[in-house]
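Structural overview
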Amino acid sequence: MEVSSSVKYVSTRGTAPQLGFCDVLLAGLARDGGLYVPETWPAFSPETLARLAGRPYDEVAFAVIRPFVGGEIGDALLARLCREAYATFRHPAVTPLVQTGPNAFLLELFHGPTLAFKDVAMQLLARLMDHVLASRGLRATIVGATSGDTGGAAIEAFRGRTATDIFILFPKGRVSPVQQRQMTTAREANVHAVAIEGSFDDCQAIVKQLFNDLKFRDRVALSGVNSINWGRIVAQVVYYVTSALALGAPWRPVSFTVPTGNFGDVFAGYVAKRIGVPIERLVIATNANDILARTLESGRYEKSGVVPTQSPSMDIEVSSNFERLLYEAAGRDDAVVRQLMGGLAQSGAFTVPGPALEAIRSEFAAGRAGEDDTAATMRSTLAATGYLADPHTAVALSVAARMDVSAAPMVTLATAHPAKFPAAVEAATGVRPALPSWLGDLMEREERFAVLPNDSAAVARFVEERARAVAERAAT
Ligand SMILES: Cc1ncc(COP(=O)(O)O)c(C=O)c1O
Ligand SMILES: N[C@@H](CCOP(=O)(O)O)C(=O)O
């Protein structure tokens, strides 16, 4: 495929500078509070896609990501970074498909170092950011929010890297013990885990406040690794491509059901469709925190308070990447996005304009799995197939099972290993999944983390003090 040497990215809110791929990687959130998307979508013809069928995962990653890079990273280097990123996975297929029914498949995304789908993008993002920072002689301060999985994956990918300090905010007491240890037991000086007295939405709001404080942002060279960063999304597009190709695409359509929280993963599926992958249905699966399912039903995006569930990583109400979809569905009218996001900030709600809602409904279906549905699905899946699903995957399996039968294979994304949530899995099935041997001592490792109030000023002070202390220690 011919690659334009000037791929530009625009903000969903329309008033931030247009940037190239490398600047977008470092920027995280746009300076107007919006999220970056490419100005135009690259198109893969069926013949181009067909040539990728059966190729190793890293080669498909290179081919899919390359048109989004716009020549800013040389082909040989990009190919090497993809190779190195996916060599950290413990399955030769990186993201294997497992058949669970006549036309039903699970896409296992948890064979990376921290046992969740976040590793797929994070292992590559860390390498890409490292390269950009090194080539410019820069350092960055990453501040990220997590409901449990992004944090561990980010810390694993960035620990010990000399060009970045990484601060991860997690909701105190609301992540699983395994998730917490994955964040709090790294010993490297550039890693800072912070428990916030609040919810994931509070942590994410703090991160966005820090980005929107332009003086702070510039002072610490703030960068982000949540899915607000385009680099996360583009890397997640790849497994939609590999799995669709394995099931007969581009000559046969495929459907996906995606357990959804911050809307990054399912938005990556939408991008896969926009670039040419024949996706029949994209199903948004929510847990009891069902703001997205309610929005598709009623057209009203309205916060009602987050409730803790056995799928804690999806306990989210401010679903960041929904903004990217609104931008597309509103015909890329940034004024509409500014107005809707203003409404969300002011009153915790907005109404999706009619035509945009129709556009969204034509691309997505949605469903909700409550706590009982989720536990029952873990049980019934184990009984019927012998497969032990984690609670997030079970949410999606439960929703997928209620979709009308179609000729297209249904792929459900298996986003985490069950051993990350042993208590919930055991309560539902009676089986306690064990951590893989290479993580066997995780729960004995010593923890190191700070506890801070739900207050962006306190977090800003902490970040600056810690980053300064690390820099001073490194200089002596
Ligand atoms: C295990 C797991 N499944 C699903 C999700 C939802 O993904 P997304 O936030 O991209 O919608 C998350 C995190 O958000 C997660 O950690
Ligand atoms: N479930 C996520 C929430 C943050 O999502 P992100 O994809 O925007 O990083 C988590 O595990 O932290």
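Computed from a prediction, not measured in an experiment: that's the story for all the values here. (Residues numbered from 1 in each chain as written. Chains lettered and ligands numbered in written order. Predicted model: local features only at pLDDT ≥ 70, side-chain atom pairs only at ≥ 80, totals over all residues. Heavy atoms only, no water.)

1. A few points about the site of ligand 1
The cut-off we apply is this: We call a residue near a molecule or strand whenever a single non-hydrogen atom of that residue lies within 4 Å of it. Here a polar contact is taken to be a pair of N or O atoms separated by no more than 3.5 Å, where protein atoms must pair a possible hydrogen donor with a possible acceptor and residues adjacent in sequence count only if both atoms sit in side chains. Here the open area of atoms and residues is found with the Shrake-Rupley method and a 1.4 Å probe, where only the protein chains shown may cover a residue. Residues were grouped as follows: Ala, Val, Leu, Ile, Met, Phe, Trp, Tyr, Cys and Pro as nonpolar; Asp, Glu, Lys and Arg as charged; and all remaining residues, including Gly, as polar.
In the neighbourhood of ligand 1, 15 residues make up the surrounding shell, with Asp149, Gly261, Asn262, Asp265 and Thr415 lying closest. One of the side-chain N or O atoms of Lys118 is found 3.3 Å from an oxygen atom in ligand 1. In this structure, Phe263 approaches ligand 1 through a main-chain N or O atom, which is 3.0 Å from an oxygen atom. For ligand 1, the accessible surface in isolation is 380 Å², of which the surrounding protein chains cover 98%. Tallied by class, the residues present in the shell around ligand 1 amount to five nonpolar, seven polar and three charged.

2. With respect to the nonpolar core
The following threshold applies: The set of buried Ala, Val, Leu, Ile, Met, Phe, Trp, Tyr and Cys residues whose side-chain atoms join them within 4.5 Å is what this entry labels a nonpolar core. Any residue under 20% of the maximum accessible area for its type is buried, any over 50% is exposed, and the rest in between are partly exposed; the area is computed with a 1.4 Å probe on protein chains only. Strands here mean DSSP runs of E at least two residues long; helices mean DSSP runs of H or I at least four residues long; both are numbered from the N terminus. Contacts are residue-level and defined by heavy atoms, with any inter-residue pair within 4.5 Å sufficient.
The biggest cluster of nonpolar side chains holds 118 residues, and the ones touching the most others in it are Phe21, Tyr86, Trp230, Phe256 and Phe364. Broken down by element, the residue count for this core peaks at 11 residues, all from helix 10 (residues 230–246). For Trp230, the contacting residues outside a window of four places in its chain are Tyr9, Phe21, Val24, Tyr36, Pro38, Trp41, Phe68, Phe267, Val271 and Arg324. Judged by nonpolar contacts, the second largest core, of 26 residues, contains Val143, Ile206, Phe211 and Ala450.

3. Concerning the environment of Leu106
Note that Leu106 resides in strand 4 (residues 104–108). Between the alpha carbons of Leu106 and Thr257 there is a distance of 9.6 Å; along the sequence they are 151 residues apart. Contacts of Leu106, omitting those with residues within four sequence positions, involve Pro96, Leu97, Val98, Thr100, Tyr387, Thr393, Leu397, Thr412 and Ala414.

4. A look at the packing of aromatic side chains
Heads up, the rule is: For Phe, Tyr and Trp, where Trp contributes only its six-membered ring, two rings pair if their centres lie within 6.5 Å, and the inter-plane angle classes them as stacked under 30 degrees, edge-to-face over 60, or tilted in between.
Under the defined criterion, the tally for this structure stands at 16 aromatic pairs. Ring centres of Tyr57 and Tyr86 lie 4.9 Å apart, and the angle between their planes is 65°; this geometry places the pair in the edge-to-face category. Placement of the pair is Tyr57 in helix 3 (residues 57–69) and Tyr86 in helix 4 (residues 75–86), with a sequence separation of 29 residues. Between the aromatic rings of Tyr270 and Phe364, the centroid separation amounts to 5.9 Å while the plane-to-plane angle is 20°, which identifies the pairing as stacked. Separated by 94 residues along the polypeptide, Tyr270 in helix 11 (residues 264–274) and Phe364 in strand 13 (residues 364–368) bring together distant segments of the chain. Of the two residues, Tyr270 and Phe364, both sit in the buried class.

5. Topic: helix 7 (residues 177–184)
Of all the eight residues making up helix 7, seven are buried; the element is thus mostly covered by neighbouring parts of the structure. Listing the buried residues of helix 7 in full gives Val178, Gln179, Gln180, Arg181, Gln182, Met183 and Thr184. For helix 7, the secondary structure elements touched by its buried residues are helix 6 (149–158), strand 6 (164–171), strand 7 (191–196) and helix 18 (422–429).

6. With respect to the side chain of Thr286
As for its placement among the helices and strands, Thr286 is situated in strand 10 (residues 279–286). Exposure remark for Thr286: the relative accessible area of 1% places this residue in the buried category. Ignoring anything within four residues of it in the chain, the contact list for Thr286 reads Thr260, Leu292, Ala293, Met314, Gly367, Arg368, Ala369 and Val395.

7. Describing the sheet that holds strand 9 (residues 254–259)
For clarity, the threshold we go by: Strand pairing follows a simple DSSP-based rule, namely that at least 2 bridges must link the two strands. As a rule, the C-alpha atoms of each element are fitted with a line to give its axis, helices using only the stretch in contact, and angles between N-to-C directions run from 0 to 180 degrees.
Spatially, the six strands line up as an open sheet ordered 3-4-14-9-10-13, and their pairing is mixed. The sheet is open, and its two borders are formed by strand 3 (97–101) and strand 13, each paired with just one other strand. Each strand axis lies, on average, 25° off the axis of its neighbour in the sheet, ignoring direction. Pairing of strand 3 with strand 4, which is carried by four bridges, proceeds in the antiparallel orientation. Note that in strand 4 the partner of Leu97 across the bridge is Leu107. Here helix 11 sits on the sheet in contact with strand 9, strand 10, strand 13 and strand 14 (410–414), set at roughly 170° to strand 10.

8. Re the pairing of strand 10
Defined as follows: For a crossover, the right-handed case is the one in which the path from the first strand over the helix to the second runs clockwise, viewed with the strands pointing away from the viewer.
Burial of strand 10 is extensive: seven of the eight residues sit out of reach of the surface. Once the chain exits strand 9 it traverses helix 11 before rejoining the sheet at strand 10, and the crossover so formed is right-handed. Both strand 10 and strand 13 contribute to a ladder of five bridges, which runs parallel. Following the sheet pairing, Leu282 is matched in strand 13 by Phe364.

9. A few points about the sheet that holds strand 5 (residues 140–145)
Taken in spatial order, the five strands of this open sheet run 8-5-6-7-15, and their pairing is parallel. Taken across any chain shown, the strands that pair with only one partner, and hence form the sheet edges, are strand 8 (222–223) and strand 15 (450–452). Relative to strand 6, strand 5 runs parallel, the two sharing six bridges. Residue pairing for strand 6: Thr141 is matched across the bridge by Asp165. Relative to the sheet, helix 8 (residues 200–212) contacts strand 5, strand 6, strand 7 and strand 8, its axis offset from that of strand 5 by approximately 150°.

10. Let's talk about the environment of Gly71
Of note, Gly71 is situated in the loop between helix 3 and helix 4. Accessibility expressed as a relative area gives 55% for Gly71, which makes it exposed. The spatial distance from the C-alpha of Gly71 to the C-alpha of Gln204 is 32 Å, given a sequence separation of 133 residues.

11. Some words on the site of ligand 2
The immediate surroundings of ligand 2 are formed by 13 residues, with Thr146, Asp149, Thr150, Asn226 and Ser227 found nearest. Note that an oxygen atom of ligand 2 is positioned 2.7 Å from one of the side-chain N or O atoms of Asn226. At 2.8 Å, a side-chain N or O of Arg232 approaches an oxygen atom of ligand 2. Its residues placed into classes, the shell around ligand 2 shows two nonpolar, eight polar and three charged.

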